[in-house]
Amino acid sequence: MHAYQDLLDIKQTETAIKLVKDYFERSLSAELRLFRVTSPLFVPAGSGINDDLNGIERPVRFPVARLGDQEMEIVQSLAKWKRMALADYGYGEGTGIYTDMNALRPDDEMDAIHSIYVDQWDWERVMTPRERNSEFLHQVVRRIFQALKRTEFVVHEQYPQIEPVLPEEITIIHAQDALDRYPELSPEEREAELAREYRAVFIQGIGGALSDGAVHGGRAPDYDDWSSPAGKEDYRGLNGDIIVWDPVRGTSLELSSMGIRVDAPALLRQLEITGTMKRQELYWHSRLLAGDFPQTIGGGIGQSRLCMFLLRKAHIGQVQAAVWPSETVKSLAARGIQLM
């Protein structure tokens, strides 16, 4: 990384964080017709409501004395809870919810863009069965991108030293096409090359096996629809990541993971692919298979990552209060990077 110059001091940064969060939240709500709701910090262990992410992360657990020491889990994300809430709260087609999600992921990496503390806007919108296709997915991606563009403009208006860098449109490319284009590169290197060229990309098809037998990135089997039905080998996978070019770090930065959610056939298919068929007996999964939940599209948008990108910060610890190894704090301080 080249010599870093912070464009905002700590007090300006705190004010700018609120500007970004308030404005983007309103823009996202308007674009997708989302209502703000209150969400849980923890859910019952063993209910299937918590997200397993890549299937290897350990949720933080604790017993509740007043409930007979029943164990609860700090949420890792709210992908499944949101869909249950849409059903239980009675939201109709074309509307949805968003919430401030705070999570702990103690197994996550700790580096410039990863923290064990995760804060994001989790959102979910009811869709029709007719919208279960790539075209609808792309429409939603472009709406989210326009909310990002408007927020970037507002930041520049308030802080002229922060120049806009996002392109007019986001480029959409499938993970298989990215592999065909850069067969010698790893998925992360492909993302960096595409982000460098287009400055904002949506890489579709995360979680399903590509032509080389590998996956572009891991996905749990029970929220995004990423697998191929029998006889439809050209199925494109109805999920993906929004990735931008970070001019400060000089590489790609993922801002959002999203997708059309599993219906009953996709859930069973993906549970079988991942060898997790016993999950169908869990509370959340049994409700989905019974037809209790609507068809939805949803995702998460990193709050700290968005602030880091729009405010041109070099480390996520400049926009969130978390914990870091002492050597990291000392190394960054020597480069003039102050963590919260």
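Residues numbered from 1 in each chain as written. Predicted model: local features only at pLDDT ≥ 70, side-chain atom pairs only at ≥ 80, totals over all residues. Heavy atoms only, no water.

- Per an unreviewed UniProt entry, the chain goes by Aspartate--ammonia ligase and derives from Spirochaeta lutea.
- If you open the UniProt record of the chain and go to Catalytic activity (unreviewed entry), you find "L-aspartate + NH4(+) + ATP = L-asparagine + AMP + diphosphate + H(+)". (UniProt positions renumbered as here; feature names shortened; annotations may be inferred.)

Details of the environment of alanine 103
Link 1 in the chain: For alanine 103, the location among the structural elements is in strand 5 (residues 96-104).
Link 2 in the chain: Put simply, alanine 103 and isoleucine 74 are 29 residues apart on the chain and 6.5 Å apart in space, counted from C-alpha to C-alpha.
Link 3 in the chain: In contact with alanine 103, other than residues within four places in its own chain, are Val75, Gln76, Ile116, Tyr117 and Val118. (Helix = DSSP H or I, 4+ residues; strand = E, 2+ residues; numbered from the N terminus. Contact = heavy atoms within 4.5 Å.)

Focus on the sheet that holds strand 8 (residues 200-204)
Link 1 in the chain: The eight strands are arranged 1-5-6-11-10-9-8-7 in an open sheet whose pairing can be described as mixed. Each having just a single partner strand, strand 1 (34-36) and strand 7 (171-174) make up the two edges of the open sheet. Pairwise comparison of adjacent strand axes, ignoring direction, gives a mean angle of 30° for this sheet.
Link 2 in the chain: Sheet analysis places strand 9 (residues 239-246) next to strand 10 (residues 251-260), joined by eight bridges and oriented antiparallel. Across the sheet, valine 244 pairs through a bridge with leucine 253, a residue of strand 10.
Link 3 in the chain: Across the sheet, helix 3 (residues 134-158) is in contact with strand 6 (117-126), strand 7, strand 8, strand 9, strand 10 and strand 11 (296-302); its angle to strand 10 comes to roughly 135°. (Pairing = 2+ DSSP bridges. Axes fitted to C-alpha atoms, helices over the stretch in contact; angles between N-to-C directions.)

Considerations on the pattern of salt bridges
Link 1 in the chain: Tallied over the full model, the rule gives 27 salt bridges.
Link 2 in the chain: Residue arginine 150 pairs with glutamate 31 through a salt bridge whose shortest N-O separation is 2.9 Å. Taken together, the residues span a long stretch of sequence, with arginine 150 in helix 3 and glutamate 31 in helix 1 (residues 10-32) at a distance of 119 residues.
Link 3 in the chain: Note on arginine 150: relative accessible area 30%, which makes it partly exposed. (Salt bridge = Lys/Arg side-chain N within 4 Å of Asp/Glu carboxyl O. Buried < 20%, exposed > 50% of the residue type's maximum accessible area, 1.4 Å probe, protein only.)

A few points about the sheet that holds strand 2 (residues 42-44)
Link 1 in the chain: Strand order in the open sheet formed by three strands is 2-4-3, with antiparallel pairing between adjacent strands. Sheet topology places strand 2 and strand 3 (61-64) at the edges, where each strand pairs with a single neighbour. Across the sheet, the axes of successive neighbouring strands diverge by a mean angle of 40°, strand direction being ignored.
Link 2 in the chain: As judged from the four bridges shared by strand 3 and strand 4 (residues 70-74), these two strands associate in the antiparallel manner. Directly across from phenylalanine 62, in strand 4, lies its bridge partner methionine 72.

Describing the environment of glutamate 168
Link 1 in the chain: In this structure, glutamate 168 sits in the loop between helix 3 and strand 7.
Link 2 in the chain: With relative accessibility at 59%, the residue glutamate 168 sits in the exposed group.
Link 3 in the chain: Here the alpha-carbon distance between glutamate 168 and glutamine 146, two residues 22 residues apart in the chain, equals 8.7 Å.
Link 4 in the chain: A polar side-chain atom of glutamate 168 sits 3.3 Å from a polar atom in the side chain of lysine 149. (Polar contact = N/O pair within 3.5 Å; in protein donor to acceptor, adjacent residues only side chain to side chain.)

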